[in-house]
Amino acid sequence: MAEVVLVTGVGPGTGKSIVERFAAAGYCVAMLARSQERLTQIESATPNTHAFVCDVADEAALAETLLTIRASLGAPNIVVHNAVGAERGTYAEVDPQNMRRAFEINTMALLSLAKQLIPDMETAGSGALICTGNTSAYRGKARFAGFAPTKAAQRILLESIAREAGPKGVHAAYVAIDAVIDLDWTREFFADKPDDFFCQPSDIAEEVFRIAHQPRSAWSFESVIRPYGEVW
């Protein structure tokens, strides 16, 4: 029976590519997103994938969805928390409610995933919990006042999880993407940029897959990736 991978925030870019990478390797992939239409399109085009409509910011709905996944597919052995909430602006501009929602998506949903799914991994003696993030988790730029704190909290929570669950066989890791991801809207917004300015979703997915399969003697907690031309 195929091992189960759960991916949150399955959109047209990174999430879809992560799903496709694991499905191509023979995993049974549970996909979470708010859009039924988007999930149905991916499910119909990609074998070994299963759609579950869920807003991860809704703690009760997430808990119910995870129970459904465990009952129908089995306990996930690999979890990729790719869902992201963002409220951008300076401290004077941010909407507190939007920032709270971003915190629910980025950090509290991670806590729910860990509390409900890591015990099964610990029992099995193996598993991985990976977050896709960005360098806002490390620095608070002026116009990221409503976003950076939620990603920094996410990274620090995952580090705490890693220190507790790692010795029990569960690999927790943070993949920070220091880049503009190649999507239709980013291409339009950065229309003057060359192709190598953008980070490809399929390459991000490859890094997530690699991290999920690291040998126990050489686990990474943090991986920071960027296009070769990125200024940093």
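Residues numbered from 1 in each chain as written. Predicted model: local features only at pLDDT ≥ 70, side-chain atom pairs only at ≥ 80, totals over all residues. Heavy atoms only, no water.

A.B. asks: Can you explain the packing of aromatic side chains? Please cite residues and give values.
C.D. replies: Evaluated as defined, the whole model comprises seven aromatic pairs. When the centroid spacing of 5.0 Å and the interplanar angle of 55 degrees are considered together, the rings of Phe-22 and Phe-209 count as tilted. Here Phe-209 lies in helix 7 (residues 201-212) and Phe-22 lies in helix 1 (residues 14-24), a separation of 187 residues in the sequence. Assessed through its relative accessible area of 12%, Phe-209 is described here as buried. Ring centres of Phe-197 and Phe-198 lie 5.1 Å apart, and the angle between their planes is 90 degrees; on these two criteria the pair is classed as edge-to-face. In this structure an aromatic cluster arises from ring pairing among Phe-189, Phe-190, Phe-197 and Phe-198. Of note, Arg-88 hangs over the ring of Phe-147, and the distance from its end group to the ring centre comes to 5.1 Å. Its end group placed over the ring of Phe-197, Lys-193 keeps NZ or CZ at 5.0 Å from the ring centre. (Phe/Tyr/Trp six-rings, centres within 6.5 Å; stacked < 30°, edge-to-face > 60°. Helix = DSSP H or I, 4+ residues; strand = E, 2+ residues; numbered from the N terminus. Buried < 20%, exposed > 50% of the residue type's maximum accessible area, 1.4 Å probe, protein only. Lys NZ or Arg CZ within 6 Å of the ring centre and 35° of its normal.)

A.B. asks: How would you explain the sheet that holds strand 3 (residues 49-53) if you had to name every residue and give the values?
C.D. replies: Strand order across the open sheet formed by seven strands is 3-2-1-4-5-6-9, with parallel pairing between neighbours. Strand pairing shows two members of the sheet lacking a second neighbour, strand 3 and strand 9 (222-225), which therefore form its edges. For this sheet, the mean inter-axis angle between neighbouring strands, taken without regard to orientation, is 15 degrees. Here strand 4 (residues 78-81) runs beside strand 5 (residues 127-133); their pairing, made up of four bridges, is parallel. Note that in strand 5 the partner of Val-79 across the bridge is Leu-129. Contacts from helix 4 (residues 96-124) reach strand 1 (4-7), strand 4, strand 5 and strand 6 (170-177), with the element oriented near 180 degrees to strand 4. (Pairing = 2+ DSSP bridges. Axes fitted to C-alpha atoms, helices over the stretch in contact; angles between N-to-C directions. Contact = heavy atoms within 4.5 Å.)

A.B. asks: Pulling in residues and values, what's your account of the pattern of salt bridges?
C.D. replies: Following the criterion strictly, the structure yields 13 salt bridges and no others. The closest approach of N and O atoms between Glu-93 and Arg-143, which form a salt bridge, is 3.0 Å. Taken together, the positions of Glu-93 in the loop between strand 4 and helix 4 and Arg-143 in the loop between strand 5 and helix 5 (148-165) put the pair 50 residues apart, joining distant regions of the chain. When its relative accessible area of 47% is taken as the criterion, Arg-143 is described as partly exposed. Here Arg-163 and Glu-159 are joined by a salt bridge, their closest N and O atoms 2.8 Å apart. Highlighted residues: Arg-163 and Glu-159, both in helix 5, separated by four residues, approximately one helical turn. (Salt bridge = Lys/Arg side-chain N within 4 Å of Asp/Glu carboxyl O.)

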